[in-house]
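A closer look at the structure
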Amino acid sequence: IPEANRGRLLLHLHGGAYVLYPGEAGAGEAMVMAGYGGFRVVSVDYRMAPDHPFPAALEDALAVYRALIAETPAAAQPYRGLVALLAGQGDVTGAEATLTAGLAATEDADLLFLQAGLLESRGNYNGAIAVYETLYARDSGNAVVANNLASLLTTQRADPGSLERAHAIARRLRGRGRSTRVI
């Protein structure tokens with residue numbers, strides 16, 4: 001594994017709509033990903049229907065994410081995956097608890113981005129703005145963070161300071177990629 005990828009991990013849940021390609025048939029995908037990607041891959045041979053109906057496969061995926069978190073609590077990737085899986089299943093409370101634990105273990109930018117999205121979806125716009133401000137302070141060149149921050153500032157706040165801040169961020173976005181030289 002190349003030095004740059006030693007901390008990276010891919011959790012592979014093989015294709016097949018949770019009913020096809022178990023065991024060795026699904027492991028081939030993981031081996032190709034590991035070989036081409038040059039990073040560690042954990043491939044899960046999850047329980048499948050009809051022998052193990054829903055939610056067996058989901059329970060297996062959740063168990064693997066939790067085991068990866070227990071094994072490497074400072075790694076952000078397993079937290080991100082578990083948050084996405086829980087949120088996708090409608091378990092917002094579980095996703096938020098996992099996100100909180102992940103942020104306590106590591107201040108990963110992607111976890112902060114997830115936090116901002118969850119706060120925004122719950123109507124906590126000031127909380128989302130605070131998280132986007134943190135992300136923007138870390139990387140003002142991230143166009144998605146800048147756009148989200150400026151958008152929230154203009155749509156959720158009306159004070160002159162917030163509007164001026166949004167305007168300054170938007171000016172930087174508009175100038176990105178264009179020459180400022182006058183010919």
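Residues numbered from 1 in each chain as written. Predicted model: local features only at pLDDT ≥ 70, side-chain atom pairs only at ≥ 80, totals over all residues. Heavy atoms only, no water.

1. Points about the overall build of the protein
- A count of helical and extended segments in the protein gives 8 helices and 2 strands.
- Helices and strands in the protein line up, N terminus first, as β-α-β-α-α-α-α-α-α-α.
- Rg of the C-alpha trace for the protein: 21 Å, well past the compact-globule value of 16 Å for 183 residues, more than 25% over.
- Along the longest, intermediate and shortest principal axes, the C-alpha atoms of the protein span 65 × 40 × 30 Å.
- Taken over 183 residues, the protein has a buried fraction of 32%.
- Long-range pairs, those at least 24 residues apart, make up 47% of the contacts in the protein with a sequence separation of at least 6.
- When the accessible surface of the protein is totalled, it reaches about 10,600 Å², and 57% of it is carbon and sulfur. (Helix = DSSP H or I, 4+ residues; strand = E, 2+ residues; numbered from the N terminus. Rg over C-alpha atoms; globule rule 2.2 N^0.38 Å. Buried < 20%, exposed > 50% of the residue type's maximum accessible area, 1.4 Å probe, protein only. Contact = heavy atoms within 4.5 Å. Areas by Shrake-Rupley, 256 points an atom, 1.4 Å probe, with all protein chains shown as cover.)

2. With respect to the packing of aromatic side chains
- Inspection of the entire model under this criterion finds 1 aromatic pair.
- Taken together, a centroid distance of 5.9 Å and an interplanar angle of 75° make the contact between F113 and Y132 edge-to-face. Of the two residues, F113 sits in helix α5 (residues 109-121) while Y132 sits in helix α6 (residues 125-138), which places them 19 residues apart along the sequence. (Phe/Tyr/Trp six-rings, centres within 6.5 Å; stacked < 30°, edge-to-face > 60°.)

3. Some words on the packing of helix α3 (residues 76-88) against α5
- The interhelical angle for the contact between α3 and α5, taken along N-to-C directions, is 25°, at an axis separation of 9 Å. Classified by the angle between their axes, α3 and α5 sit roughly parallel to one another. Considering only the axes of α3 and α5, their crossing is left-handed. Contacts from A76, Y79, R80 and V83 of α3 reach α5 at D110, L111 and L114. (Axes fitted to C-alpha atoms, helices over the stretch in contact; angles between N-to-C directions. Parallel < 35°, antiparallel > 145°, perpendicular 65-115°, else oblique. Left-handed = near helix turned anticlockwise from the far one by under 90°.)

4. A short note on the pattern of salt bridges
- By the definition in use, this model includes 9 salt bridges.
- We note a salt bridge from E71 to R40, for which the minimum N-O separation is 3.3 Å. A residue pair is termed long-range when its members are at least 10 positions apart, and E71 in helix α2 (residues 56-71) and R40 in strand β2 (residues 40-44) qualify at 31 residues.
- We note a salt bridge from R80 to D110, for which the minimum N-O separation is 3.7 Å. Of this pair, R80 sits in helix α3 while D110 sits in helix α5, and the two are 30 residues apart along the sequence.
- Through salt bridges with shared partners, one network takes in R47, E59 and D60. (Salt bridge = Lys/Arg side-chain N within 4 Å of Asp/Glu carboxyl O.)

5. Observations regarding the environment of G175
- Mapped onto the elements of the fold, G175 is located in helix α8 (residues 160-175).
- Look at G175 and you get partly exposed, because its relative accessible area is 34%.
- Residues G175 and P73, 102 residues apart in the sequence, show an inter-C-alpha distance of 40 Å.

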